[in-house]
Every structure is written in structure tokens, then in C-alpha cells.
Amino acid sequence: MDSVLSPLDLIAREAPDGPVAIARPHRVTAAATWFRENFPGEVFYAVKANPSPWVLDALWAAGIKNFDVASDNEAALIHGRFPGAQIAFMHPVKSRRAIARAFHDFGVKTFALDSEDELEKILAETNGAKDLTLVVRFAVSGDGAAYPLARKFGVTAEEAPALLRRVRQASEEMLGVSFHVGSQCMRPDAYRSAMDGVNRAIVKAGVVVDIVDIGGGFPAIYPGMSPPPMIEYVNAIKAGFEEMFVAQNAKLWAEPGRALVAEAGSTVTRVELRKGDALYLNDGAFGTLFDATHLNWAFPAKLLRQEPSRAKLAPFRLYGPTCDSMDAAAGPFMLPADIREGDLIEIGSLGAYGTAMGTRFNGFGETVTIASSDAPWPTMYAEPAAVVALPKLKRAPKKQPTQA
Ligand SMILES: *Cc1c(COP(=O)(O)O)cnc(C)c1O
């Protein structure tokens, strides 16, 4: 192998003034390969987690040919890059123009919905196409997830049977069911209970279902959140699937976002000023640190210095560059006590919902991306012996993940 430049060497060479996103495509490859080898169905990548070209190309090269999009612009991105991709439009509420564009311009045949009104929109905008795959999205409990997604979308258990029958009549091709157990799901059995709930509605409706799409929610490793091994999720889903009354040849789909990309990205940010335990950085809530600030999630952090610091670790708070007072992360982030202005901090596990969430608020947010072939962070995709334990951090009481 040729010499591997560390992020610090790469940054020294490029000397960007703003934050630097570190891209590790080989970690995307590892995650995608794991899913392809272990998930007993088709894997649709949830593009919103990270639509960067280097992510999409690494997934495609690793054999992920299906994509879950939430907008016609995401459909355009995927169709333009991979004309042969299978695209599923899984947002349950779409504009009429987005439906029409996805169907007529990008060949999208798969649409999610959670109401009869949305069904009518889809049928009208596709001119009553007969070859649609229509997927009914269920509301399920988000109890197992650090970031529940159940409140906004999904048909309730009471309304589901009528909607399933109506969609079955409308769909000459495939009828699917889907749900999302919430992002960063810490409990494998959340999938099985969701599948059980959906199954009851299927039985009540008396319809034949061709696709069971168990959504996203597969977890990544963050300080204070060490999920069970990924294979336990697959086992719970297999068990749930076997118990469902669906077509003999029914297909199983998944839509992982976070789990495929979280490990593959980090951000290197610079300390512009230190005030006691508060570090003022050149990245924050409106850049790649949305979840660290808005959700108060802990992220792994480490000081990057040519001469490693010998100081003890101490807890720090972080402030982003904008004038908004929400641009703050309580952490605590454990960093060497002698940290000072000009130091670079690498914040890990930011491949999902990191750069994807960035804005240009206040004139900040310009991020340079640098590829690196190192692998310094803990992984869900290694033999247990190779997993590096993260230090246990005290988490602020605000948003505690619900753990089994
Ligand atoms: C966000 C989303 C996903 C991906 O969720 P992760 O928690 O990142 O795996 C999958 N499907 C739908 C419909 C989503 O909205």
C-alpha cells in the first residue's frame, strides 16, 4: 500500500480556512458489503442521509443499486448519476409536480403513501399507470429509537385496513407495506413488534401484500450509545418476516441511511477561541454539527496535533461560528485539557446527517472535502475483538436515548 496521509497532513497541504469534511469511502464499502451479505432482501439507500457523490459512487460500486428518495431533486440526482438505478419515492407526502417529474422524467415506479388523498394524487399524476408499486406507510412506535419518526407520517392501525384494500384495488402490480421504527434504533425487537402490528392490519384487510419494507433506523456508534450487534437486527427482522401473512414470494426491503454512511464521514473543525471549558469553532449547528447541537447528541471527538498532547482529558462545550445562540453543543466533548486557539478537532460519526444538513447561514458553511483511507473510529462492521470501546461519557439529560 502507498503511504497513507493522515487528515492532519492533508489539511496542512490544502490549508482551508473553513471546516473540512473527511470522506472515507472504504467505510461506505464495508457497511454496504455487510448489508449485501447479511440482509436477506433488497437494500435501498436513503439518499437524504448523505447525497455526496463520493458516497453514492462507493455504494454503487459495492452493489447497492436501489435508492430511497424523498424529493424529485433526489430522484434527479440518482437518475442522472446511475441511469439503471431502481428509485423508490418513499416520502408519504409529495407535490403533484414531484410525482409527475419522478414518474415521467426519471422512471420512478415506486411510491409511498399514507392516505387516500395521496393515492389519488399519485394515480392522477401517473395517468393511471398500471405498473406502479404502491407502498402503504404505517405509523409504528418509535420507542426503541434515539430519534423517533412516528409522529409525522404513517397510517394508524385503525385506518390501515381500509387504505390497504383501497390501494390493493388501485395497484395491478405490487402492494407494499412500510414503516420507520425511528432513526438510531437501539432495540432490534422494535422491528419485530412493528412487523407484528402491520401484520394485524394486513390480516384484517384480507389483502395480498407483495413487499414488506422495514425502512431505516439501523444504528451507528456514538458515545453513550453502543447498539447491539447489527446481526441481531437482521435476525429480529427475519423472525418478524416469517410470521407475516404475505404473498409466498413476498420481498423484503430495507432503507438504511445512517448505518451505511455514519462511519464514513467526520469533520475537522478549528478552535477560533477558548473561554474556559467553551470552545468556539468554525463549524456548528448550521454546518455539519446539526445533531450535536439541536439533538444534543454526543459525538466522538479528538484533538489533531502533530505533537500529540499529553494533557488529561477534560469535558468541553462547543460553540459554532454563527451569531445564533442555538449554535451550541453541551456535549460534553472529552478533549485534552490544554486545547487552545488554532487547534484542530476531528469529530467522528458524522457521515450521516452531517454535511447533508449544512446551510450557508451567516455566510459560514463552506466545507472542503478531503478523502482519507485511515479508519480511526469505532465500527459496527468488524469482528467484536476489533471494536474499539469508546469512553463512557456523561450525557446531558435533555434528549436521552431510550435503551432497552
Ligand atoms: C430518513 C429515512 C430513512 C433512513 O433512516 P435512517 O434512520 O437514517 O436509517 C429511511 N426511510 C425513510 C422513509 C426515511 O424518511
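Residues numbered from 1 in each chain as written. Predicted model: local features only at pLDDT ≥ 70, side-chain atom pairs only at ≥ 80, totals over all residues. Heavy atoms only, no water.

## What to know about the overall build of the protein chain
- Across its full length, the protein chain holds 11 helices and 18 strands.
- Taking 22 Å as the expected radius of gyration for a compact globule of 404 residues, we find that the protein chain reaches 22 Å, a close match to that expectation.
- With the C-alpha coordinates aligned to their principal axes, the bounding extent of the protein chain is approximately 65 × 45 × 40 Å.
- Here the protein chain, with 404 residues, has 55% of them falling under the buried criterion. (Helix = DSSP H or I, 4+ residues; strand = E, 2+ residues; numbered from the N terminus. Rg over C-alpha atoms; globule rule 2.2 N^0.38 Å. Buried < 20%, exposed > 50% of the residue type's maximum accessible area, 1.4 Å probe, protein only.)

## Details of the packing of aromatic side chains
- Counting across every chain of the model gives 15 aromatic pairs.
- Centre to centre, the rings of Phe44 and Trp253 are 4.3 Å apart; their planes meet at 35°, and the pair counts as tilted. Highlighted residues: Phe44 in strand β2 (residues 42–46) and Trp253 in strand β11 (residues 251–254), separated in sequence by 209 residues.
- Classification of Phe44 by relative accessible area gives buried; the value is 1%.
- Trp253 sits in the buried class, given a relative accessible area of 2%.
- Both rings, one in Phe67 and one in Phe82, keep their centres 5.6 Å apart while their planes meet at 15°; by these two values the pair is stacked. Residue Phe67 is located in strand β3 (residues 66–69), and its partner Phe82 is located in the loop between α4 (72–81) and β4 (86–89); the two are separated by 15 residues in the primary sequence. Take Phe67 and Phe82: they sit in the same class, and that class is buried.
- The rings of Trp34, Phe35, Tyr191, Phe218, Tyr233 and Tyr381 are connected pair by pair, giving a single aromatic cluster.
- For Lys94, the ring lying beneath its charged end belongs to Phe89, and the centroid distance is 5.7 Å.
- When the ring centre of Trp377 is taken as origin, the NZ or CZ atom of Lys302, which lies over that ring, is 4.7 Å away. (Phe/Tyr/Trp six-rings, centres within 6.5 Å; stacked < 30°, edge-to-face > 60°. Lys NZ or Arg CZ within 6 Å of the ring centre and 35° of its normal.)

## Let's talk about the sheet that holds strand β5 (residues 110–113)
- Strand order in the closed barrel formed by eight strands is β2-β3-β4-β5-β6-β8-β10-β11, and the pairing between neighbours is parallel. Taking the axes of each pair of neighbouring strands and ignoring which way they run, one obtains an average angle of 25° across the sheet. (Pairing = 2+ DSSP bridges. Axes fitted to C-alpha atoms, helices over the stretch in contact; angles between N-to-C directions.)

## Section: the domain arrangement of the protein chain
- Split by domain assignment, the protein chain resolves into domain 1 (7–20 + 266–371) and domain 2 (25–261).
- Just the C-alpha atoms count here: the centres of domain 1 and domain 2 sit 33 Å apart.
- With 13 residues of domain 1 in contact, the opposing surface of domain 2 contributes 16 residues.
- The junction of domain 1 with domain 2 conceals about 1200 Å² of combined surface from both sides, 64% of it contributed by carbon and sulfur atoms.
- If you sort the residues of domain 1 by the area they bury against domain 2, Trp297, Gly351 and Tyr353 come out on top, with a joint share of 46%.
- At the boundary of domain 1 and domain 2, one finds zero salt bridges.
- The tally of links between domain 1 and domain 2 comes to three residue pairs in polar contact (both at pLDDT 80 or more). (Domains from an automatic or database assignment. Contact = heavy atoms within 4.5 Å. Buried area = accessible area lost by both parts, 1.4 Å probe. Salt bridge = Lys/Arg side-chain N within 4 Å of Asp/Glu carboxyl O. Polar contact = N/O pair within 3.5 Å; in protein donor to acceptor, adjacent residues only side chain to side chain.)

## Re the site of the ligand
- Around the ligand, the structure places 13 residues, and the nearest of them are Lys48, Ser183, Glu255, Arg258 and Tyr353.
- Here an oxygen atom of the ligand and a side-chain polar atom of His180 are 2.9 Å apart.
- For the ligand, whose accessible area on its own is 390 Å², the fraction buried by protein is 90%. (Near = heavy atom within 4 Å. Areas by Shrake-Rupley, 256 points an atom, 1.4 Å probe, with all protein chains shown as cover.)

## So, helix α7 (residues 160–170)
- Taken as a whole, α7 has its buried residues at Ala160, Pro161, Leu163, Leu164 and Val167. Along α7, the residues classed as buried sweep out an arc of 160° about the axis, all on the same side. (Arc of directions from axis to C-beta.)

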